[in-house]
Amino acid sequence: MKKFLLTFVVITVMLLLAGCGADLKVNTKVNPDLSGERTFVIAVSENDLKEINLSSGNFEEILRKNMPVPMDIKIESNNGYLVYKLTEKFKNPDELVSNSEKILGYKPDIELSSLGRMLSFQYHFYDPTPPEKYFNWVVNSLEKSGVNLDEYKDSLVASAVSSVKLPGKTDTVADGEYESVFELPANQEAWITWDRYQKRVSLDVNVNLSPVAYEAVSSKVDFKDVLKKIFNTDFTVKPLPDGGMSYSGGMHTGKNLESLTRTPLFSNGKVEYIAGRGLGLRVTDKIIIEGNPTEYLKTKDIDSVTTFTFDNALNIKNVKLTTDPCIANASVKVVNNIVTVHLGDQTNMRLELEVEYYNHLYLVILIIIAILIAVSFILKALSIEEEGKNNEGTKE
């Protein structure tokens, strides 16, 4: 019986010892503009604090007095555990490295960068520092305050982990290395007007950025200037009610629909105008427009509406839209000779339609024939009249 009790006590003590020590976390969150914050989490049981003659208030006071960099402290209590969350903010990668150097006591090998094209950015983060090292200043502060930790040196830390959240979906590349791709949201509206008789094609474009997208882009580039270079035309900028930004620009593209391929909207596609044949009163031409109208924005988080306006004299019929890759919610509608294409994602569209109109050549031929017939009748009538007069003169 005594042997059993001794074994029970030993096992209990071992379990208690196994539960000793703090759980440590280093959570890093990076914003699109490469600013961010780091939260250092210390989860420790109240019993462990009592073991070293500390209360929750004493421990918090020691932390506040010895912080190597400014941090916000929040304390939570959960099932006998106290969770201390110390958060430091950084404005850029240089400040992150500088703050980390003050915390660690040496300059760490930290990398934080981004590479972007238009509205798509790739982020890279690397920090090989073992997470527990970021808490050495806590141990030093306790000892500096007179707390004796000699007999607990080997059991101060139960676990130490780190996590990183980059803009977009964060992928772990290797130990301490993370990458992500951040597709910024945008909305594009494009209005294309074709005046068949005046031989003029014009394009008006409006790109709306959400507040998140505008904040991320404006911290890196002048988006207005970027659009100007892409479209070779000036853009106006207007704030949106939600805090985002709207960019609008217009341009004359050419004399025919094929000139659209010289614009960013259809530079990756083609525009075909297939003239109808025959000498009937009405002629039907076919138009095929292919391309990705938002490919130049380089983001998958896109919604676009492209509107084609045709002359009222034309009759638009047999409109068909296909997409590759297939977009389930893509749609096309025709109202008052205005063809509106809605694409809910990046995709290559193929728009086919027919335009029917009166054959002017046919009308001209009819008019000429009518004139010739009329002239023929007139000449015949004059001839008859002249012949009558001649006959009357002969009788006399």
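Residues numbered from 1 in each chain as written. Predicted model: local features only at pLDDT ≥ 70, side-chain atom pairs only at ≥ 80, totals over all residues. Heavy atoms only, no water.

S.K.: Could you give an account of the overall build of the protein chain, with specific residues and numbers?
M.R.: Secondary structure summary: the protein chain contains 8 helices and 20 strands in total. Looking at the 396 residues of the protein chain, the share that counts as buried comes to 38%. (Helix = DSSP H or I, 4+ residues; strand = E, 2+ residues; numbered from the N terminus. Buried < 20%, exposed > 50% of the residue type's maximum accessible area, 1.4 Å probe, protein only.)

S.K.: Could you give an account of the sheet that holds strand β11 (residues 200–209), with specific residues and numbers?
M.R.: Pairing is mixed in the open sheet, where 7 strands are placed in the order β12-β13-β11-β10-β16-β19-β18. The sheet terminates laterally at β12 (235–239) and β18 (331–335), the two strands that pair on one side only. Strand-to-strand twist in this sheet, taken as the mean axis angle between neighbours without regard to direction, amounts to 15°. Relative to strand β19 (residues 338–343), β18 runs antiparallel, the two sharing 5 bridges. Each bridged residue has a counterpart across the sheet, and for K333 the counterpart in β19 is T340. Contacts from helix α7 (residues 223–231) reach β11, β12 and β13 (245–254), with the element oriented near 150° to β12. (Pairing = 2+ DSSP bridges. Axes fitted to C-alpha atoms, helices over the stretch in contact; angles between N-to-C directions. Contact = heavy atoms within 4.5 Å.)

S.K.: Explain the packing of aromatic side chains to me, and be specific about the residues and the numbers.
M.R.: Taken as a whole, this structure holds 10 aromatic pairs when the rule is applied. With a centroid separation of 5.9 Å and an interplanar angle of 90°, the aromatic rings of W194 and F310 are classed as edge-to-face. Here W194, found in strand β10 (residues 186–195), pairs with F310, found in the loop between β16 (302–309) and β17 (315–324); they are 116 residues apart in sequence, far enough to count as distant. Taken individually, W194 and F310 each receive the classification buried, so the pair is uniform in this respect. Plain terms: the ring middles of F231 and Y296 are 5.3 Å apart, the flat faces sit at 90° to each other, and that makes the pair edge-to-face. Pair noted here: F231 is in helix α7 and Y296 is in the loop between β15 (282–291) and β16, with a separation of 65 residues, a long-range link. (Phe/Tyr/Trp six-rings, centres within 6.5 Å; stacked < 30°, edge-to-face > 60°.)

S.K.: Can you lay out the nonpolar core for me, pointing to particular residues and giving the numbers?
M.R.: With 87 residues, the main nonpolar core has F223, F308 and F310 as its most contacted residues. Not counting residues up to four positions away in its chain, the partners in contact with F223 are M118, L119, V207, L209, V217, Y247 and L297. (Core = buried A, V, L, I, M, F, W, Y, C linked by side-chain atoms within 4.5 Å.)

S.K.: Pulling in residues and values, what's your account of the side chain of N292?
M.R.: Mapped onto the fold, N292 is located in the loop between β15 and β16. Note on N292: relative accessible area 7%, which makes it buried. From its side chain, N292 meets the backbone nitrogen of T294 in a polar contact 3.0 Å long. Of note is the side chain of N292, whose polar atom sits 3.5 Å from the backbone oxygen of T347. (Polar contact = N/O pair within 3.5 Å; in protein donor to acceptor, adjacent residues only side chain to side chain.)

S.K.: Please give an account of the pattern of salt bridges that cites residues and values.
M.R.: For the coordinates displayed, the defined rule picks out 14 salt bridges. E272 serves as the salt-bridge partner of K270, at 3.5 Å between the closest nitrogen and oxygen. What makes K270 partly exposed here is its relative accessible area of 37%. Residues E352 and R350 are paired through a salt bridge, measuring 2.7 Å at the closest nitrogen-oxygen approach. Its relative accessible area of 27% is what places R350 among the partly exposed residues. Among the charged side chains, a salt-bridge network with shared partners connects K286, E290, R350 and E352. (Salt bridge = Lys/Arg side-chain N within 4 Å of Asp/Glu carboxyl O.)

Function-wise, these values are silent; they only describe arrangement.
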